[in-house]
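Breakdown of the fold
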Amino acid sequence: MTETARLSLPLVQAAQAQKHVTVNEALARLDGLVQLRIVSLDLTAPPTPVDGAVYAVPAGASGDWFGQDGALALAIGGGWEFVTPESGWTATLIADGRQVQWSGTTWETVPLAQSTSGASAGFEILSFEHDVAAGASDITAISIPANAMVFAVSARVTSTITGSLSNWQMGTGGASDRFGSGLGPGMGSFANGVLSQPLTYYSDTPLVLTAEGGTFDGGGQLSIAIHYMRFALPEV
């Protein structure tokens, strides 16, 4: 036996010379895999390796990651080592702080509850940046996902919204103020659109921003977060 069964850590062999090399390699792997933190789930071109960084290799990766679809790429000693995750491994996704879990084929947000059949319920937050377009109203390119049970939509003005408006609203088509009205256009202003009861959207639904007392002139940016639950069916 030359390596451990679960993490593929190299084992020191009887009468082996340079034992420290094997031990150091095992420690480097442990350092990357214990309290696992993944930099990215979808980067296909390998970056310059920085020791300690871990990436999940997606399908179609190139360069040094070619042919390693689904593996974890560990930056060790200025290069890459690859480990195949097992179903149930969990990690923190550094980009947004989510806890993700390897299903055997993909990394998914860790559910709040899951049955033996694979049915699950999970809380998710979809966050994105939005540049405000000119006009009386503006529709976001990112939508509330289909079959999402929405609890709130929050937003913060990260660059002052300009135009002749005095305030603005945030909602959806037919309910322009559902997530807030009388919202300030100045940088740092915010909306905390908590619903009195969850609302389910059965198709992809964009958010609508509406100017009050005037129009947008194309200046300004928002950081928006959609807070919702998703429900997964039993597996086939």
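See the structure above.
So, here is what we can say about the structure in this document. (Residues numbered from 1 in each chain as written. Predicted model: local features only at pLDDT ≥ 70, side-chain atom pairs only at ≥ 80, totals over all residues. Heavy atoms only, no water.)

**A look at the environment of arginine 37**
- For arginine 37, the position within the fold is in strand β1 (residues 37-38).
- Residues arginine 37 and alanine 56, 19 residues apart in the sequence, show an inter-C-alpha distance of 10.0 Å.
- Sequence-distant contacts of arginine 37, that is, excluding residues within four places in its chain, are made with Val54, Thr92 and Ile94. (Helix = DSSP H or I, 4+ residues; strand = E, 2+ residues; numbered from the N terminus. Contact = heavy atoms within 4.5 Å.)

**With respect to the pairing of strand β6 (residues 99-102)**
- A one-sided burial pattern is seen for β6, the buried positions being Val100 and Trp102 and the unburied ones Gln99 and Gln101.
- Bridge count for strand β5 (residues 90-93) against β6 is three bridges, and the pairing is antiparallel. Bridging from a neighbouring strand, threonine 90 pairs with glutamine 101 of β6.
- In this structure, the hairpin formed by β5 and β6 is closed by a connection of five residues, where glycine 97 is found at a positive phi of approximately 80°.
- Bridge analysis of β6 against strand β7 (residues 107-109) gives three bridges, and the strand direction is antiparallel. Considered in β7, the bridge of valine 100 is made with threonine 109.
- Once β6 ends, the chain turns through four residues before running back antiparallel as β7, passing glycine 104 with a positive phi of about 110°. (Buried < 20%, exposed > 50% of the residue type's maximum accessible area, 1.4 Å probe, protein only. Pairing = 2+ DSSP bridges.)

**Some remarks on the sheet that holds β7**
- Pairing in this open sheet of four strands is mixed, and the strands run β1-β5-β6-β7 from one edge to the other. Each edge of the open sheet carries a strand with a single partner, namely β1 and β7.
- Looking at chain direction, β1 and β5 are connected through two bridges and run parallel. Residue pairing in the sheet places isoleucine 38 in a bridge with leucine 93 of β5.

**Overview of the side chain of threonine 210**
- Residue position: threonine 210 is located in strand β14 (residues 205-212).
- Setting aside chain neighbours within four positions, we find threonine 210 in contact with Ala136, Ser137, Asn167, Trp168, Gln169, Ser176 and Phe216.

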